[in-house]
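Examination of the molecular architecture
The residues making up each chain are set out below.
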Amino acid sequence: MSTPTPPAETVTALARRYRLELDMGTTPGTPIWTLVPGVTEFTPKIEPTQQEVTTYDAEGWSEQAVTMLAWSIETTIAHRAHPVTGKFNSAQEALRKASRSFGAKSYVSVRYYDRNGADDAQQGLALVTWEPDGGGPDEVDTIKVTLTGSGPLAEITNPAAGGGTFAAKGGDS
């Protein structure tokens, strides 16, 4: 009996590997990708809708088919302000304003990717929910932001790809 070969992938990825960006451009087809700073939690999700498709041919076993996919991102951000002017970060403000808008102004174009260059990068159009966490006088201002996809979540070429290796970057740049 042979011993299985251990996998070469032995380094555990860190949750902070994701970078979230918002298109702040005003000219269609000319995106200006801007960092959404202060991310403290990040959870991308793809949820399938499954429908039963069982026939007599299944001999009593249930069969399912995926008929739709829905995507979302749940993130918590530390609300960032300029140290002198007190003005809030422009990307965070764009998310807040979109959450209070209707029609075309309620959508944002976002992308997220592995900041270390791994083959993990997506882009899509989303609606925004902006929920301040509140808290006591000793707490920081954090916001729960939910981006609910409208249409496809497209795989894109990772903007951080191509410059060195995971090990050269230390794995958590």
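Heads up: these notes are all about the structure in this document. The structure presented is a predicted model; accordingly, all values stated were derived computationally and were not measured.

Here we take up a nonpolar patch on the surface. A contiguous nonpolar surface patch, about 310 Å² in accessible area, is contributed by Ile46, Val66 and Leu69. Of note, valine 66 is situated in strand 4 (residues 64-78).

On the surface, a cluster of negative charge is made up of Glu41, Glu131, Asp133, Asp138, Glu139 and Asp141. For aspartate 138, the location among the structural elements is in the loop between strand 6 (121-132) and strand 7 (142-149).

By the bridge criterion, 13 bridges tie strand 3 (residues 39-52) to strand 4 in an arrangement that is antiparallel. By the bridge assignment for strand 4, glutamine 50 is matched with valine 66. Two strands pair when backbone bridges link them, and strand 4 and strand 7 are joined in this way by seven bridges, in the antiparallel orientation. Within strand 7, the position partnered with serine 72 by the bridge is threonine 148.

A separate point is the packing of aromatic side chains. Geometry of an aromatic ring pair is reported as the spacing of the ring centres plus the angle between the planes. Per the counting criterion, the structure on display carries three aromatic pairs. With centroids separated by 5.0 Å and ring planes inclined at 35°, the aromatic side chains of tyrosine 18 and phenylalanine 42 adopt a geometry described as tilted. Here the residue tyrosine 18 occupies a position in strand 1 (residues 18-23), and phenylalanine 42 occupies one in strand 3, the gap between them amounting to 24 residues. By the burial criterion, tyrosine 18 is buried, and phenylalanine 42 matches it. Ring pairs connect the aromatic residues Tyr18, Phe42 and Tyr112, which therefore count as one cluster.

With that settled, consider the nonpolar core. Counting residues in each nonpolar core, the largest one holds 21 residues, and the members touching the most others are Leu20, Leu95, Val108, Val145 and Leu147. Broken down by secondary-structure element, the contributors of at least two residues to this core are strand 1, strand 4, helix 1 (90-99), strand 5 (107-114), strand 6 and strand 7. Excluding residues that lie within four positions of it along the chain, valine 145 makes contacts with Ile73, Glu74, Thr75, Ile77, Leu95, Val128, Thr129 and Trp130.

What follows concerns the pattern of salt bridges. Two side chains of opposite charge can pair, provided their charged atoms sit close to one another. All told, the structure shown has six salt bridges when counted by the stated rule. Between glutamate 74 and lysine 45 there is a salt bridge whose closest N-O contact spans 3.2 Å. Remark: lysine 45 occurs in strand 3 and glutamate 74 occurs in strand 4; sequence separation between them is 29 residues. For glutamate 93, the salt bridge goes to arginine 96, with nearest N and O atoms at 2.8 Å. You can see glutamate 93 and its partner arginine 96 sitting in helix 1, three residues apart, about one turn around the helix.

To continue, consider helix 1. Residues lying three or four places apart along an α-helix face the same way, a consequence of the helix completing one turn every 3.6 residues. Within helix 1, the full set of buried residues consists of Ala91, Gln92, Glu93, Leu95 and Ala98. The N-terminus of helix 1 is capped by asparagine 89, whose side-chain oxygen sits 2.9 Å from the backbone nitrogen of alanine 91.

Further remarks concern the side chain of serine 72. Within the secondary structure, serine 72 is located in strand 4. If sequence neighbours within four positions are ignored, serine 72 has contacts with Thr43, Pro44, Lys45, Leu147, Thr148 and Gly149.

Conventions adopted
- Residues numbered from 1 in each chain as written.
- Predicted model: local features only at pLDDT ≥ 70, side-chain atom pairs only at ≥ 80, totals over all residues.
- Heavy atoms only, no water.
- Patch = residues over 30% accessible without salt bridge, like charges linked within 9 Å, V, L, I, M, F, W, Y side chains within 5 Å.
- Areas by Shrake-Rupley, 256 points an atom, 1.4 Å probe, with all protein chains shown as cover.
- Salt bridge = Lys/Arg side-chain N within 4 Å of Asp/Glu carboxyl O.
- Helix = DSSP H or I, 4+ residues; strand = E, 2+ residues; numbered from the N terminus.
- Lys, Arg positive; Asp, Glu negative; His and termini not counted.
- Charge placed at Lys NZ, Arg CZ, Asp CG, Glu CD.
- Pairing = 2+ DSSP bridges.
- Phe/Tyr/Trp six-rings, centres within 6.5 Å; stacked < 30°, edge-to-face > 60°.
- Buried < 20%, exposed > 50% of the residue type's maximum accessible area, 1.4 Å probe, protein only.
- Core = buried A, V, L, I, M, F, W, Y, C linked by side-chain atoms within 4.5 Å.
- Contact = heavy atoms within 4.5 Å.
- Polar contact = N/O pair within 3.5 Å; in protein donor to acceptor, adjacent residues only side chain to side chain.

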